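# Coordinate inspection notes
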Amino acid sequence: MDKGRNPATLTGRGIFYADRREVDFSQSARAFLFTGQGSQYLNMGMELAKRFEIVQQTFDEAEHIFQKEVGVSLKSFIEDNSNMSLEEREAQLKDTRIAQPATLAMDIAI
């Protein structure tokens, strides 16, 4: 939308678009979009896990299964407190073997 495209194009497809600076979203409905590989990022879902116990429990379960199956910590690829460098974690998180379980855990948690 920042490139001058017409928001009516989205509205015609059932997608509401608004500038967050101009709309009060406090009473609006929420939508969660479940994206695929390529949408993962460092610390994804960690703020939600701090705020909502069910999200934390879901990540804990995913962590347990990943550790059992793969032998390493899934959270070590997502969280800031890893002993890997930022560049290493970003590269690892792009790997399908890490990205798919990470996005699946996030989707289930939501």
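Residues numbered from 1 in each chain as written. Predicted model: local features only at pLDDT ≥ 70, side-chain atom pairs only at ≥ 80, totals over all residues. Heavy atoms only, no water.

## A closer look at the pattern of salt bridges
Put simply, the rule reads: The rule for a salt bridge is simple: a side-chain nitrogen of Lys or Arg has to be within 4 Å of a carboxyl oxygen of Asp or Glu. Here a helix means four or more residues in a row that DSSP labels H or I, a strand means two or more in a row labelled E, and each is numbered from the N terminus. Relative accessibility decides the category of a residue: with a 1.4 Å probe and only protein chains considered, values under 20% of the type maximum give buried, values over 50% give exposed, and everything between is partly exposed.
Under the counting rule described, the total for this entry stands at 2 salt bridges. A salt bridge links Lys75 to Asp60, with the nearest nitrogen and oxygen atoms 2.7 Å apart. Of this pair, Lys75 sits in helix α4 (residues 75-78) while Asp60 sits in helix α3 (residues 53-70), placing them 15 residues apart in sequence. Owing to a relative accessible area of 13%, Lys75 belongs among the buried residues under this scheme. Arg97 serves as the salt-bridge partner of Asp95, at 2.6 Å between the closest nitrogen and oxygen. Among the residues examined, Arg97 registers a relative accessible area of 65% and is labelled exposed.

## Structural notes on the environment of Asp95
Note the cut-off: Two N or O atoms count as a polar contact when they lie within 3.5 Å, although within protein this holds only if one can serve as hydrogen donor and the other as acceptor, and sequence-adjacent residues are included solely when both atoms are side-chain atoms.
Relative to the assigned elements, Asp95 resides in the loop between α5 (86-94) and α6 (96-109). Given a relative accessible area of 25%, Asp95 falls into the partly exposed group. When the C-alpha positions of Asp95 and Gly38 are compared, they lie 9.7 Å apart, and in sequence the two are 57 residues distant. Side-chain polar atoms of Asp95 contact the side chain of Arg97, separated by 2.6 Å.

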